[in-house]
Each structure stands twice: as structure tokens, then as C-alpha cells.
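Observations on chain architecture
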Amino acid sequence: MMSRAAVGIAAGVCGTLFLGYCIYFDRKRRNDPLFRQKLKEKRQKMKKDKQDNNSSKHKLPDFRDTEAVQKFFLEQVQLGEELLAEGDFENGVEHLTNAVAVCGQPQQLLQVLQQTLPAQVFQMLLQRYPIVSRRVAAQAAGSGAIIEEELE
């Protein structure tokens, strides 16, 4: 059997070798001429992906296509309800606000939501509604569409 001292020395030597191995390859990687270029490209790609996710998150339908608006409305309500059920109130409220903004009868939908949502969540929705409705109105005006579509 090996003594405790021998086991301790062996563990120390293995640890030192592993640390040396890590330092050697880290230094080799950092001195690689393509490392900085690859790192920069990776960061740009991640930034672009993040921006794409944010822009697709707020992608509004073509308001001239009533089916697309109805589909968007139903998707936003469903996503909002699912997120609220999971406890993600901010994203859930964002989706519900999008649904209210494209709805043809927002006051009726707001009344239903007021009765079904907790008071704090409904207040969050009311705070975000003016911002989202301006964005929806701006896109609808830009596409030349009429917002008054009846979604039931």
C-alpha cells in the first residue's frame, strides 16, 4: 500500500501537470492569429442573433391581411396566457398587450382581462398598452391599412 504522503505527492504532481497543460494551451490559443478574428466574429454573430430575436419578438402582421391579424391575435393571447401560467409576467403581459393593440374591440378585451388577470398584472398591461398601440398604429399607417378589424 501507498502511504498518505505518496498519495498526496502524486495528487500534487497531477494537479501541477494539469495546470501546466491548461496554461500551455490557453497561451497557444491566445497567440493564434485567427483567435481574435474568430472571437470578434462570434461576438458579432451573438449580437446579431440577439437583435434578430428581439425584432422577431415584436414582429407585427400585415394589417391588410385579416387572416394574418387574426392568427397573430390568437397566437399572442395564447402565448401570453402560457407565460403568465408559468410565472413569466413581463413577457406574458407583452404578448397580451400586443393582442389588445391589434384587437378590433380593445375595450371589451380589456374588460375581460381586468376580470381574469390579477390586479398587478393588469396594471402592467395598462402601462404598456399606450406604447404598443402607438407602435401598432405607426406600422398600420405605414402599410396603409385600416386597424378596425373585428377579431372575435
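The rules behind the values
- Numbering of residues starts from 1 in every chain and runs along the sequence as written.
- In view of the model being predicted, local features appear only for residues whose pLDDT reaches at least 70, and side-chain atom pairs are presented and counted only at 80 or more, with totals across whole chains, interfaces and linings using the full set of residues.
- Computation of side-chain values covers all heavy atoms of the structure but excludes hydrogens and water.
- Where helices and strands are cited, they refer to DSSP runs of H or I of at least four residues and of E of at least two residues respectively, numbered from the N terminus.
- Contacts are assigned to residue pairs that have any heavy atoms within 4.5 Å of one another.
- What counts as a salt bridge is simple: a side-chain nitrogen of Lys or Arg found within 4 Å of a carboxyl oxygen of Asp or Glu.
- Residue exposure (1.4 Å probe, protein chains only): buried if accessible area is under 20% of the type maximum, exposed if over 50%, otherwise partly exposed.
- What pLDDT expresses is the predictor's confidence in each residue, scored from 0 to 100.
- Nine residue types can take part in a nonpolar core, namely buried Ala, Val, Leu, Ile, Met, Phe, Trp, Tyr and Cys, and a core is a set of them joined through side-chain atoms within 4.5 Å.
- One fewer than the residue count of a helix, multiplied by 1.5 Å, yields its expected span.
- In this description, one arc is meant: the one made by directions from the helix axis to the C-beta atoms.

In this section: the side chain of His 95. Looking at where His 95 falls in the secondary structure, it is placed in helix α4 (residues 89-102). Apart from the residues lying within four places of it in its own chain, the contact partners of His 95 are Gln 76, Leu 79, Gly 80 and Leu 83.

To continue, consider the pattern of salt bridges. Taken as a whole, this structure holds three salt bridges when the rule is applied. Residue Glu 94 pairs with Arg 128 through a salt bridge whose shortest N-O separation is 3.3 Å. Of this pair, Glu 94 sits in helix α4 while Arg 128 is found in helix α6 (residues 119-143), placing the two residues 34 residues apart along the sequence. Overall, the relative accessible area of 12% leaves Glu 94 in the buried class. Salt bridges sharing common partners tie together Asp 26, Arg 29 and Arg 30.

Moving on to the confidence of the model for the protein chain. The predicted model of the protein chain averages 83 in pLDDT, with 87% of residues at 70 or higher. Across the protein chain, helix α1 (residues 4-30) holds the top mean pLDDT of 92, while helix α2 (residues 33-57) sits lowest at 74. Note that pLDDT drops below 50 for residues 145-152; the model gives that stretch 19 contacts with residues more than four away or on any other chain.

Moving on to the nonpolar core. What tends to happen in soluble globular proteins is that the nonpolar side chains get buried as a cluster. One finds Phe 73, Val 102, Leu 113, Leu 117, Leu 125 and Val 136 to be the most contacted residues of the largest nonpolar core, which totals 25 residues. For this core, the elements supplying multiple residues, two or more each, are α3 (66-86), α4, α5 (106-116) and α6. Ranked by residue count, the leading element in this core is α6, at seven residues. In contact with Val 136, other than residues within four places in its own chain, are Leu 60, Phe 63, Ala 101 and Val 102.

This next bit is on α3. Between its first and last C-alpha atoms α3 spans 30 Å; for 21 residues at 1.5 Å apiece the expected length is 30 Å, and the two agree. Turning to α3, its buried residues are Val 69, Phe 72, Phe 73, Gln 76, Val 77, Gly 80, Leu 83 and Leu 84. For α3, the angular spread of the buried residues around the axis is 140°, confining them to a single face. Of the exposed residues in α3, those oriented more than 90 degrees away from the buried face are Glu 67, Lys 71, Leu 74, Glu 81, Ala 85 and Glu 86. With its phi angle positive at about 95°, Gly 87 sits one or two positions after the end of α3.

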